[in-house]
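# Commentary on secondary and tertiary structure
One-letter residues, chain by chain:
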Amino acid sequence: MFANSLRQGLRTASRSSARAFSTLPARAAARPSLGAGVAMGAAVAGYAMYEASRSPLLLESKTIAGEKGTASERSFVMIKPDGVSRQLVGKIISRFEERGYKLVAVKSLTPSEALAKEHYSDLSARPFYAGLVKYITSGTPVVAMVWEGKDVIKQGRRIVGATNPQDADPGSVRGQYAVSVGRNLIHASDAFDSATKEIGLWFAPEELSDYEPIAWPWVMADN
Ligand SMILES: Nc1ncnc2c1ncn2[C@@H]1O[C@H](COP(=O)(O)OP(=O)(O)OP(=O)(O)O)[C@@H](O)[C@H]1O
């Protein structure tokens with residue numbers, strides 16, 4: 001009985017701490033609650049650590065990128081300088097809006113070299129890295145956005161199209177408007193981990209809005 005209530009209480013504590021927005025995976029965000037568990041007593045803390053090791057997927061599924069696999073999932077999308085210069089911003093935003101996704105953050109900026117380098121840090125060994133950073137920091141701004149909704153990371157990649165526009169579906173942004181891999185108009189997070197990293201890199205938590213579009217239940221409900 002005590003074990004059941006303890007398990008229930010700790011699950012609730014883990015869930016609410018993981019629900020708080022964080023740029024870190026929720027497992028890291030949950031550490032303060034484990035610390036509070038220590039204050040509650042060694043037995044409670046020990047049980048919390050056991051729960052954490054037993055349910056890593058649950059604890060890592062909520063970050064600043066929302067909750068993976070639900071309508072609160074979020075993706076970082078950036079219209080690159082060529083998209084802004086070619087005045088395609090409205091058309092690109094319309095694709096996400098018309099599909100039913102929710103715009104929770106948007107800003108226009110010219111990224112610093114440090115920001116561009118960090119954003120593309122996984123490509124630093126690639127021969128095109130220096131040119132890529134120069135392109136993103138050219139002085140023409142980018143439009144940085146966070147979109148929210150069911151499966152938005154995977155579906156956002158489909159809206160964007162293949163990295164090389166020559167391979168992109170004709171109905172995708174890159175397939176309709178781009179021809180060169182070096183000027184492919186737009187970026188979208190490719191996984192929940194990268195969405196977590198990128199949203200945290202480009203936005204402060206207070207820049208992300210929490211609201212419900214009027215058609216939200218009509219778009220996101222399953223039945
Ligand atoms: N061979 C290449 N030559 C020039 N630029 C390239 C090349 N390959 C990739 N890039 C640039 O680097 C970006 C990042 O490449 P990556 O392999 O991560 O593809 P992606 O995930 O589709 O792109 P993005 O991260 O911009 O959404 C590409 O969008 C493109 O702008």
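Residues numbered from 1 in each chain as written. Predicted model: local features only at pLDDT ≥ 70, side-chain atom pairs only at ≥ 80, totals over all residues. Heavy atoms only, no water.

### A look at the overall build of the chain
Scanning the chain from terminus to terminus reveals 13 helices and 6 strands. The buried share of the chain, taken over its 223 residues, is 43%. Total accessible area on the chain is roughly 11800 Å²; 55% of this is exposed by carbon and sulfur atoms. (Helix = DSSP H or I, 4+ residues; strand = E, 2+ residues; numbered from the N terminus. Buried < 20%, exposed > 50% of the residue type's maximum accessible area, 1.4 Å probe, protein only. Areas by Shrake-Rupley, 256 points an atom, 1.4 Å probe, with all protein chains shown as cover.)

### Re the site of the ligand
Within the structure, the ligand sits among 13 residues, and Lys80, Tyr120, Thr163, Asn184 and His187 are positioned closest to it. Residue Val181 places a main-chain N or O atom 3.4 Å away from an oxygen atom belonging to the ligand. Within the side chain of His187, an N or O atom sits 2.8 Å from an oxygen atom of the ligand. A total of 570 Å² of accessible area belongs to the ligand in isolation, and the protein chains cover 77% of it. Considered class by class, the residues forming the shell around the ligand number 6 nonpolar, 4 polar and 3 charged. (Near = heavy atom within 4 Å. Polar contact = N/O pair within 3.5 Å; in protein donor to acceptor, adjacent residues only side chain to side chain. Nonpolar A, V, L, I, M, F, W, Y, C, P; charged D, E, K, R; others polar.)

### A look at the packing of helix α7 (residues 89-99) against helix α10 (residues 152-160)
Between α7 and α10, whose axes approach to 11 Å, the crossing angle comes to 135°. Taken together, the axes of α7 and α10 lie oblique to each other. The element α7 and its partner α10 pack so that their crossing is right-handed. Residues Arg95, Phe96 and Arg99 of α7 lie in contact with α10, whose contacting residues are Gln155, Gly156, Ile159 and Val160. Per-class residue counts for the contact of α7 with α10 are 3 nonpolar, 2 polar and 2 charged. (Axes fitted to C-alpha atoms, helices over the stretch in contact; angles between N-to-C directions. Parallel < 35°, antiparallel > 145°, perpendicular 65-115°, else oblique. Left-handed = near helix turned anticlockwise from the far one by under 90°. Contact = heavy atoms within 4.5 Å.)

### Description of unusual backbone geometry
Look at Asp151: it is not a glycine, yet its phi comes out positive at around 60°. Positionally, Asp151 belongs in the loop between β5 (142-148) and α10. Phi at Leu185 is positive, roughly 75°, even though this residue is not glycine. Locating Leu185 in the fold gives a position in the loop between α11 (173-177) and β6 (186-188).

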